[in-house]
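Observations on chain architecture
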Amino acid sequence: MPSSTYQLIVRAMRQRKPVLCIYEGFARAVCPSILGHKKGQERVLAYQFDGRSRGGLPPGGKWKCLDLAKMSHVELHAGPWRTGRKHSKAQRCVDEVDIDINPDSPYAPKRRLPVKPASPQRPPKPRKRPSKPPR
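Reference entry: report on the structure contained in this document. (Residues numbered from 1 in each chain as written. Predicted model: local features only at pLDDT ≥ 70, side-chain atom pairs only at ≥ 80, totals over all residues. Heavy atoms only, no water.)

1. Some remarks on the overall build of the chain
Within the chain one finds 1 helix and 6 strands. When its helices and strands are written in sequence order, the chain yields α-β-β-β-β-β-β. The buried share of the chain, reckoned over its 135 residues, is 37%. Look at the contacts in the chain between residues 6 or more apart in sequence, and 58% of them connect residues 24 or more apart. (Helix = DSSP H or I, 4+ residues; strand = E, 2+ residues; numbered from the N terminus. Buried < 20%, exposed > 50% of the residue type's maximum accessible area, 1.4 Å probe, protein only. Contact = heavy atoms within 4.5 Å.)

See the structure below:
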């Protein structure tokens, strides 16, 4: 049975919401991209865009491999979904890929997430006319 952290990461991926957590003693803000297992351990490949880490965080962020058992104080965060640039090397964080946010995933994920539809555009509200003309 997946851990509560695993279930929250799935929710974040479905809703395209960033995740805040403490990992190895550092507060981090990440957007999870690939979720699954390596050697039986739950892991996630995520793009860290804010917070700190042992090796530092370059401006703009960096891809990070996180062991879910080491994550604490995990919560969804309202804010824009962020991701890094495409990379030419294959990821080695997750061997058994359960979910990959990339619809064209080369990792044969067990589950696919629907592409989040664009929010519908609402027509602008009509402007109210002032009851009296300005003097």
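On we go from here.
2. So, the environment of Ile 9
Residue position: Ile 9 is located in helix H1 (residues 4–15). For the pair Ile 9 and Leu 76, spaced 67 residues apart in sequence, the C-alpha to C-alpha distance is 8.3 Å. Sequence-distant contacts of Ile 9, defined by excluding residues within four places in its chain, comprise Val 19, Pro 32, Leu 35, Val 44, Leu 68 and Met 71.

3. Some thoughts on the side chain of Glu 42
Looking at where Glu 42 falls in the secondary structure, it is placed in strand S3 (residues 41–51). In this structure Glu 42 is buried but unpaired, with Arg 111 as the nearest side chain of opposite charge at 9.4 Å. A polar contact of 2.6 Å, which involves the side chain of Glu 42, links it to the side chain of Ser 3. Residues within four places of Glu 42 in sequence aside, it is in contact with Pro 2, Ser 3, Tyr 6, Gly 36, His 37, Leu 66, Asp 67 and Leu 68. (Lys, Arg positive; Asp, Glu negative; His and termini not counted. Salt bridge = Lys/Arg side-chain N within 4 Å of Asp/Glu carboxyl O. Polar contact = N/O pair within 3.5 Å; in protein donor to acceptor, adjacent residues only side chain to side chain.)

Scope: geometric values only; no functional claims are made or implied.
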